[in-house]
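Residue-level listing of the chains:
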Amino acid sequence: MSRGANVPLTREIPGLKHLVIGVAWNAGAEPVLQDNLVMAAILCNESNKALSAEHFVFFNQLTSPDLSVSQIEKALAGDQEQVEIDLPDVPPEVSRIAFVLYVNEGTAARRTLGQLRQLSVAVRDATDNRELVRSENLAPALSAETALVLAEVYRNRSDWKFKVVGEGYASGIAGIASDYGLPL
């Protein structure tokens, strides 16, 4: 799937209840970059703002308050990082869940996402880990960015859809936090 493309999930697969969103990357000869990439999820309202700081799921906060979104400690299926979503448990005030990747301490270490050779995000059915859809390689369009909104899962009436976003931030996680109304 290319940037901006979306696909219906629950309309096409009616019994789909549990998703895994995974990100895979290849940092080539940049082991420091490889070890400093972080995937996070932001549970957002209709205005595309985080419901609260507790609705930012990452390595220091492994689940959302309602337990509908959680970081998977040991990623499977070739992904470096994964987040699991229990769609029936997502509160009704959550209209979208944004998935971001950022370089932890990127500017201090002078690392950027532009150093990646390959970067993609995939949606899997959590019941059998079957890949449903994968984005194109997002790495070629990156240069000085230290954070990226990878994709989002969002409500569309009574269904859930997946969209590849691919929007980079040279301002890092601080820029994403500002746009999503998160305090740092």
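Structure: see above.
Residues numbered from 1 in each chain as written. Predicted model: local features only at pLDDT ≥ 70, side-chain atom pairs only at ≥ 80, totals over all residues. Heavy atoms only, no water.

Caption draft 1: Highlighting the packing of aromatic side chains. What the rule picks out here adds up to two aromatic pairs. Summarising the aromatic geometry, the rings of F56 and F58 are spaced 4.8 Å apart at their centres and angled 35 degrees between planes, so their arrangement reads as tilted. F58 matches F56 in its accessibility class, with the two residues each being buried. Their ring planes at 70 degrees and their centres at 5.1 Å tell us that F58 and F59 sit as a pair that is edge-to-face. (Phe/Tyr/Trp six-rings, centres within 6.5 Å; stacked < 30°, edge-to-face > 60°. Buried < 20%, exposed > 50% of the residue type's maximum accessible area, 1.4 Å probe, protein only.)

Caption draft 2: Seen up close, the sheet that holds strand β7 (residues 96–103). Read across the open sheet, the six strands follow the order β1-β11-β10-β7-β3-β4; overall the sheet is antiparallel. Looking at which strands have only one partner, the edges of the open sheet turn out to be β1 (6–8) and β4 (56–57). Strand direction decides the pairing type here: β7 and strand β10 (residues 147–156), joined by seven bridges, are antiparallel. Residue Y102 lies in a different strand from β10, and its bridge partner there is A147. Docked against the sheet, helix α3 (residues 172–179) engages β3 (37–44), β4, β7, β10 and β11 (159–169), running at close to 30 degrees with respect to β10. (Pairing = 2+ DSSP bridges. Helix = DSSP H or I, 4+ residues; strand = E, 2+ residues; numbered from the N terminus. Contact = heavy atoms within 4.5 Å. Axes fitted to C-alpha atoms, helices over the stretch in contact; angles between N-to-C directions.)

Caption draft 3: Representation of the pattern of salt bridges. Going through the model one piece at a time under the given rule, you end up with nine salt bridges. Across the salt bridge formed by D79 and R134, the nearest N and O atoms sit 3.7 Å from each other. Here R134 lies in strand β9 (residues 130–134) and D79 lies in the loop between β5 (69–72) and β6 (81–86), a separation of 55 residues in the sequence. Overall, the relative accessible area of 6% leaves D79 in the buried class. (Salt bridge = Lys/Arg side-chain N within 4 Å of Asp/Glu carboxyl O.)

Caption draft 4: Structural context of the nonpolar core. By size, the foremost hydrophobic cluster in this structure holds 39 residues, and its most contacted members are I85 and L119. The set of elements that each furnish at least two residues to this core consists of β2 (18–26), β3, β6, β7, β8 (118–125), β10 and β11. In this structure, V38, I42, A50 and V100 belong to the second largest nonpolar core, which totals 17 residues. (Core = buried A, V, L, I, M, F, W, Y, C linked by side-chain atoms within 4.5 Å.)

Caption draft 5: Representation of unusual backbone geometry. In this structure, N48 is a non-glycine residue whose phi angle is positive, near 65 degrees. Considering the arrangement of structural elements, one finds N48 in the loop between β3 and β4. For N48, a relative accessible area of 25% puts it in the partly exposed group. One non-glycine residue, L67, adopts positive backbone phi at about 70 degrees. With respect to the helices and strands, L67 occurs in the loop between β4 and β5. You can call L67 exposed: its relative accessible area is 55%.

Caption draft 6: Broad picture of the sheet that holds β2. Reading across from one edge, β5-β6-β2-β8-β9 is the order of the five strands in this open sheet, with antiparallel pairing throughout. The outermost strands of the open sheet, each flanked by one partner alone, are β5 and β9. Each adjacent strand pair in this sheet contributes to an overall mean axis angle of 25 degrees, direction not counted. Alignment of β5 against β6, held across four bridges, turns out to be antiparallel. When the sheet's bridge partners are listed, I72 is paired in β6 with Q82.

Caption draft 7: Representation of the pairing of β6 in the model. As judged from the six bridges shared by β2 and β6, these two strands associate in the antiparallel manner. Bridge assignment links G22 to a residue of β6, and that residue is Q82.

Caption draft 8: Looking closely at the pairing of β3. Most of β3 sits out of view: eight of its eight residues are buried. On β3, burial covers both faces: L37, M39, A41 and L43 on one face and V38, A40, I42 and C44 on the other are all buried. Relative to β7, β3 runs antiparallel, the two being bridged by eight bridges. Counted as the bridge partner of L43 is I97 from β7. In this structure, β3 lies alongside β4, joined through two bridges in antiparallel fashion. In the sheet register, I42 faces β4, and the bridge partner there is F56.

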